[in-house]
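A look at the structure
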Amino acid sequence: MGLAAKSEPQIIGGFVNDSFQQGHLLRDRAAFPSPKRIEKVPIVIVGGGIAGLSAAWRLHKSGFKDFVLLEMCDQAGGNARWGENEITAYPWAAHYVPVPGRKAIYVRELFEDIGVLKDGKWEERFLCFTPQERLFLYGRWQEGIEPAIGLTQSDREQFRRFEEQIHRFRETGKFTVPMEMGFSEGNAELDRISFADWLREQRIDSHTLNWYMNYCCRDDYGATSDQTSAWAGIQYFASREPEEKGPLTWPEGNGWIVRRLLERVGPLVRTGQMVHRIVQNGSRLKVFAGDAEYQAEFVIFAAPTFLAPYLIEGMMPLRTFEYSPWLTANLTLDRMPRSYGTDPTWDSVFMESPTLGYVDATHQTLRTHVDRTVWTFYWALAEGSASQNRRLLLSSDWSYWKEAILHDLERVHPDIRQCVSRIDVMRMGHAMARPTVGSIFSTERRSLAKPHGNLLFANSDLSGFSIFEEAQYRGVVAAEHALRRVSR
Amino acid sequence: MGILLFITVLLISACGLIYELVAGTLASYLLGDSVLQFSTIIGCYLFAMGIGSALSRYINRGLAYRFVWIELLLGVVGGFSSALLFLAFAYSQGFQLLMYSLVIVIGVLVGLEIPLLMRIIRDRYHFRDVVAHVLTFDYLGALGASLLFPILLVPHLGLVRSAMLFGILNAAVALWSTWIFANQLARTVVLRSLCVVVIAALCIGLVEAKRITQAAEDNIYADEIIFARDTHYQHIVLTRFKDDIRLFLNSHLQFSSRDEYRYHEALIHPGLSAIAAPRRVLVLGGGDGLAVREILKYPQVESVTLVDLDPEMTRLFTTNPMLTGLNQKSFLSPRVHVINADAFPWVDTNTDSFDFIVIDFPDPTNYSLGKLYTTTFYKAVARHLSEQGLMVVQSTSPMFARDSYWCIAETIKQAGMLTYPYHVYVPSFGEWGFVLAGHHEYRPPTSLPAGLRFVDLKTMPALFQFPPDMAPLSMPANRLNDQVLVHLYDQDWKDISH
């Protein structure tokens, strides 16, 4: 009958941005070459993610330019790194910032500086375009991620009760972004149980509602709701009350913000410089990286805090910090898959999937017609133990992950294999801090978070969880502390 | 020999079921309500099979001969059933009558097949085995057909050709039955040649099927289709009835040549005539060149830049003699520059300034098109307006989509311009709306180009009056991050079409 079998198009790709090799050198206490030169710099920033770049931005904006930022990778940005191909720029991890509330003063200041907020108005082309999100459930798409179709009477009643609870927490003003602003001892109880247990206490047993809560924890914290502190679960819902329909997003995700920051502080950023040792030397600190020894008055340690005991001489091992392993992938699509029922959205999520779905990098285009695009696929390996998942991440080859990703997408886009030409996969063993039970009110976290001495910690994990606003806040606070004391 | 017989049973059962599935699917496609269509068709078909079985008792002689004839008839009726139904839907009122008649005829014939066959072969085998085998293969055939139909036939062959293919199988069964039952048949040569004729006719049908569906589709549009093309961006259809040429993009009417002058005169002249010395004009959309035709009536205009997404559309309206007759070869004027680009990025990156800007896009039926009706878009366009410049926006119908119309007007206002809404009656469209906008107060024109058929100075003020049923409504602005317009538009048209 002339029916030729269609051959499957070739899909190419591989692992990109691997950085665990460098991390393992530190872990295994490998020998590093001794320095060939000494550089005296008043302030050294360790780590070029959002925290480190924000510290640099604050120093630079105050007119203080006598500092260096040392970044281990060849590209600055950390979790806000981005990539680019002939179709579009795309994010490698963090891809949006919720429209900041009034309390996020530093984020608002930054956004005014880089043209996102003008005269109290958010730049419209940076607000996520309609339609924002969709969820695939019961074999079809719905607009929005919160399940709205197929709800039973009891589901609705539980959603309503949950919202009332959250409303009460929000009204207390104790759940804020950044978290430090509203942090209150009165809520210590909530840090003693998991979010899943707290939901059970509230008699919330709706499968749909629990799926949604678990999804939110996996999405923001890389943890399931029974691994997440109830305080953090409530923080997710109660801390935000956006004044504008958002979030803020760009084709390259938060990489757009990194680009704006680098336009300002780029010349002071040194990439490919892995710091391998930090030593107190009287009132000064010695920082060893590459072939140089930096002698600094202040060190802003903006790299993930779990690295600190491996670098800083004499520092005790940490007990409370846990991290979630993640996998992200960028898929190049040479044509758009058939999509029934809805216009394509920015974020697409599939109910009952272990993954977090994907984000479309060309969604923020002004064009009316798009032929090719890039999707960023997100997968927090949340179920089970983190160390086991880390081993799985490292031991499975690229085609294992390629197939796993395509299998997941095939459930909602049966023709996906005909559309994708390339899948690049990024593996992150310690992608973000996990707000586990007890971690938020732990004395270890709180004492490291308080700036004192000349070694200042600034990573977002000091808030207990890794989000843009926390990283930016910690970076700016550390920079201000150093600015007030540094000799000029 | 035995196995050939039972393959025959399998095939005839598959053919019967395919005809039934084709009828059910076609009726669901064309009439909707698939539950009703499939239920009634399956019911009629099974009932007709019962009639066929009952009738089989009246056939006493020449069983094999009649069996061959039944197979041939089934091949013809079943094979052409789908094509007939398509044409009937397009050209007659009797689609349902024909459909149920066909289903009953096919059902009766299929109902005759198995009883006859069992009687023909009952002397060859034990009755116990005959019943068991015939029914087993009958049901197997049904399974095969019901799996083949959705997975292979409909997606790869379509309904018309699937029916033809199984018609050929039916006729082929007739042909080889003349060998299987040769000892019970006389005049096999005549029968065999008849079979060959039927198979040949169906084969021709199989090859020509596309023409049949094409003929049917032509008639679904009211008038004769004179041009149809799928471009990279849209489906362009041109129809003609006598002197009326109509353009459809993705099945939405864009103009009728009988009254488009009302639309295009009203789109251009109230604005362009009001500008003291218009030199540079920008048209966004309007790939048919009709708005440009009106603009070229102003000798002061030195250049017209037209930005349209689809190169095939502008090429068609540059080269086709019938269409250049409509736009008076406007795209061939040395004053006109056609740019094929996506309008929003073009507006966003280009820095030229214009005295008059015409925005004539398709209605905001989806979020992609909706971007072209947002505050951000109008702000970007406004940066191209010269100091005394004006822009005019095609804004859907203030009558049929009143919420949408006033939402667009509000959006332009919130983009920082003064707005002057007006409307016009275009018979093929109904009441249609535009919004004039600029940085300064609009003063109506004091003169117009000669030879206009609709717009004149005396009646122009009336265009700016809105009677109560189209009067302004308070609406939110349409924004990139909150496209309320697409929802409003959807709701507006739903309200009047139900």
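Thresholds, definitions, all that
Residues numbered from 1 in each chain as written. Chains lettered and ligands numbered in written order. Predicted model: local features only at pLDDT ≥ 70, side-chain atom pairs only at ≥ 80, totals over all residues. Helix = DSSP H or I, 4+ residues; strand = E, 2+ residues; numbered from the N terminus. Rg over C-alpha atoms; globule rule 2.2 N^0.38 Å. Buried ≥ 20, exposed ≤ 12 C-beta atoms within 10 Å, placed from the backbone. Contact = placed C-beta atoms within 7 Å. Core = buried A, V, L, I, M, F, W, Y, C linked by C-beta atoms within 7 Å. Domains from an automatic or database assignment. Pairing = 2+ DSSP bridges. Axes fitted to C-alpha atoms, helices over the stretch in contact; angles between N-to-C directions. pLDDT = per-residue confidence, 0-100. Nonpolar A, V, L, I, M, F, W, Y, C, P; charged D, E, K, R; others polar. Parallel < 35°, antiparallel > 145°, perpendicular 65-115°, else oblique. Left-handed = near helix turned anticlockwise from the far one by under 90°. Expected span 1.5 Å × (residues − 1). Arc of directions from axis to C-beta.

On to the overall build of chain B. Counting its regular elements, chain B contains 17 helices and eleven strands. Against the 2.2 N^0.38 benchmark of 23 Å for 498 residues, chain B shows a C-alpha radius of gyration of 32 Å, more extended than a compact globule. In terms of its C-alpha atoms, chain B occupies a principal-axis envelope of roughly 100 × 45 × 40 Å. In chain B, buried positions account for 45% of the 498 residues. Summarising the internal contacts of chain B: among those between residues at least 6 apart in sequence, 74% fall at separations of at least 24.

Along chain A, the regular secondary structure elements total 14 helices and 23 strands. For 488 residues, the compact-globule formula gives about 23 Å, and the C-alpha radius of gyration of chain A, at 23 Å, lands near that figure. The C-alpha extent of chain A, read off along each of the three principal axes, is 80 × 55 × 50 Å. Out of the 488 residues in chain A, the part that is buried amounts to 48%. Sequence separation of 24 or more characterises 76% of the internal contacts of chain A that already satisfy a separation of 6 or more.

Grouped burial of nonpolar side chains is what soluble globular proteins tend to show. Ranked by internal contacts, the top residues of the largest apolar core, which has 143 residues, are A:Val44, A:Val46, A:Ala55 and A:Ile300. Per-domain counts for this core show at least three residues from each of domain 1 (12-127 + 247-485) and domain 2 (148-238) of chain A. Those residues in contact with A:Ile300 that sit more than four places away from it in its chain are A:Ile43, A:Ile45, A:Val46, A:Ala55, A:Leu456, A:Ala458, A:Ala478, A:Ala479 and A:Ala482. Of all hydrophobic cores here, the second largest spans 77 residues; its members include B:Val381, B:Cys407, B:Ile408 and B:Met417.

Residue and element names in this part refer to chain B. With mixed pairing, the seven strands of this open sheet are ordered in space as β7-β6-β5-β8-β9-β11-β10. The open sheet is flanked by β7 (336-340) and β10 (418-426), the only strands paired with a single partner. Within the sheet, the average angular offset between the axes of one strand and its neighbour, ignoring direction, is 15 degrees. As defined by bridge partners, strand β5 (residues 280-285) adjoins strand β6 (residues 303-308) across five bridges and the pair is classed as parallel. Looking at the pairing, Val 281 lines up with Val 304 of β6. Taken strand by strand, helix α15 (residues 402-414) contacts β9 (385-394), β10 and β11 (430-438), and its axis lies near 5 degrees from that of β11.

A few words now on the confidence of the model for chain B. For chain B, per-residue confidence averages 90 on the pLDDT scale, and residues scoring 70 or more make up 97% of the total. Two numbers describe this predicted complex: its pTM, 0.77, and its ipTM, 0.89.

Counting residues at the interface gives 20 residues for chain B and 14 residues for chain A. Each residue belonging to the side of chain B that touches chain A can be placed in one class, and the counts come to eight nonpolar, seven polar and five charged.

It is worth spelling out the domain arrangement of chain B at this point. According to the domain assignment, chain B contains domain 1 (2-218) and domain 2 (259-497). For domain 1 of chain B versus domain 2 of chain B, the separation of C-alpha centres amounts to 57 Å.

As a further point, take the environment of B:Glu208. Its place among the elements puts B:Glu208 in helix α7 (residues 188-218). Note: C-alpha distance between B:Glu208 and B:Arg161 (47 residues apart in sequence) is 9.1 Å.

Now for the domain arrangement of chain A. Residues and elements named next belong to chain A. Parsing chain A into structural domains produces domain 1 (12-127 + 247-485) and domain 2 (148-238). Computed from C-alpha atoms alone, the centre-to-centre distance between domain 1 and domain 2 is 25 Å. If you look at the interface, domain 1 gives 28 residues, while domain 2 gives 24 residues. Of the residues contributing to the side of domain 1 that touches domain 2, the split by class is 15 nonpolar, seven polar and six charged.

On to the sheet that holds strand β2 (residues 37-40) of chain A, then. Residues and elements named next belong to chain A. Sheet architecture is open: four strands sit in the order β2-β16-β15-β14, paired in mixed fashion. Two strands lie at the open edges of the sheet, namely β2 and β14 (275-281), each paired on one side alone. Along the sheet, successive strands turn relative to each other by an average axial angle of 20 degrees, direction set aside. Pairing between β2 and strand β16 (residues 292-296): four bridges, direction parallel. Looking at β16, one finds that Glu 39 is bridged to Tyr 294.

This next bit is on the environment of B:Ile268. Residue and element names in this part refer to chain B. Secondary-structure assignment places Ile 268 in helix α8 (residues 260-272). On the basis of neighbour counts, which here come to 28 C-beta atoms within 10 Å, the residue Ile 268 falls in the buried class. In the structure, Ile 268 is positioned 192 residues away from Met 460 in sequence and 12 Å away in space, judged by C-alpha atoms. Discounting residues that sit within four places of it in the chain, Ile 268 has contacts with Ala 291, Glu 294, Ile 295 and Val 358.

On to the pairing of β14(A), then. Residue and element names in this part refer to chain A. Alignment of β14 against strand β15 (residues 284-289), held across six bridges, turns out to be antiparallel. Paired with Arg 277 across the bridge in β15 is Phe 288. A loop of two residues connects β14 with β15, the two strands running antiparallel in sequence, and Gly 282 in this loop sits at a positive phi of about 65 degrees.

Strand residues, when the strand is regular, have side chains that alternate between the two faces of the sheet. Residues and elements named next belong to chain B. Burial analysis of β5 places five of its six residues in the buried class, which makes it a mostly covered element. Bridging between β5 and strand β8 (residues 354-360) involves five bridges; their strand directions are parallel. When the bridges of β8 are listed, Val 283 appears paired with Val 358.

Moving on, we get to the confidence of the model for chain A. The share of residues in chain A with pLDDT of 70 or more is 98%, and the mean pLDDT across the chain is 94. Within the model, the stretch residues 1-5 of chain A combines pLDDT values under 50 with one contact to residues more than four positions away or in other chains.

With that settled, the discussion passes to the packing of helix α1 (residues 2-31) of chain B against helix α6 (residues 158-180) of chain B. Residues and elements named next belong to chain B. At their nearest, the axes of α1 and α6 sit 9 Å apart, and the two run at 155 degrees to each other. Considered as vectors, α1 and α6 are oriented roughly antiparallel to each other. Crossing handedness for the pair α1 and α6: left-handed. Note on element contacts: α6 touches α1 through Leu 159, Ser 162, Ala 163, Phe 166, Leu 169, Asn 170, Val 173, Ser 177 and Ile 180, opposite Leu 4, Leu 5, Thr 8, Leu 11, Ile 12, Cys 15, Ile 18, Tyr 19, Val 22, Thr 25 and Leu 26. The residue inventory of the contact of α1 with α6, partitioned by class, reads 15 nonpolar, five polar and no charged.

As a further point, take unusual backbone geometry. All names here are of chain A. Of the consecutive residues Val 177 and Pro 178, the connecting peptide bond is found in the cis state with omega at 0 degrees. Within the secondary structure layout, Pro 178 lies in the loop between α4 (153-171) and α5 (195-201). Put simply, Gly 246 and Pro 247 share a cis peptide bond, and its omega is 0 degrees. With respect to the helices and strands, the residue Pro 247 is situated in the loop between α7 (230-238) and β12 (248-249). Although it is not a glycine, Tyr 138 sits at a positive phi angle of roughly 50 degrees. Tracing the backbone through its elements, the reader meets Tyr 138 in the loop between β10 (133-137) and β11 (140-143). Non-glycine residue Arg 203 carries a positive phi angle of around 60 degrees. If you trace the backbone, Arg 203 turns up in the loop between α5 and α6 (207-221).

Glancing now at helix α2 (residues 34-55) of chain B. All names here are of chain B. End to end, α2 covers 31 Å across 22 residues, agreeing with the expected 32 Å (1.5 Å per residue, within 8%). Where α2 is concerned, the buried positions are Gln 37, Ile 41, Cys 44, Tyr 45, Ala 48, Met 49 and Gly 52. Buried residues in α2, looked at end-on, bunch into an arc of 140 degrees, giving them a common side. For α2, the exposed residues set more than 90 degrees away from the buried face come down to Val 35, Leu 36, Ser 39 and Gly 43. Packing partners of the buried residues in α2 comprise α1 and α4 (95-121).

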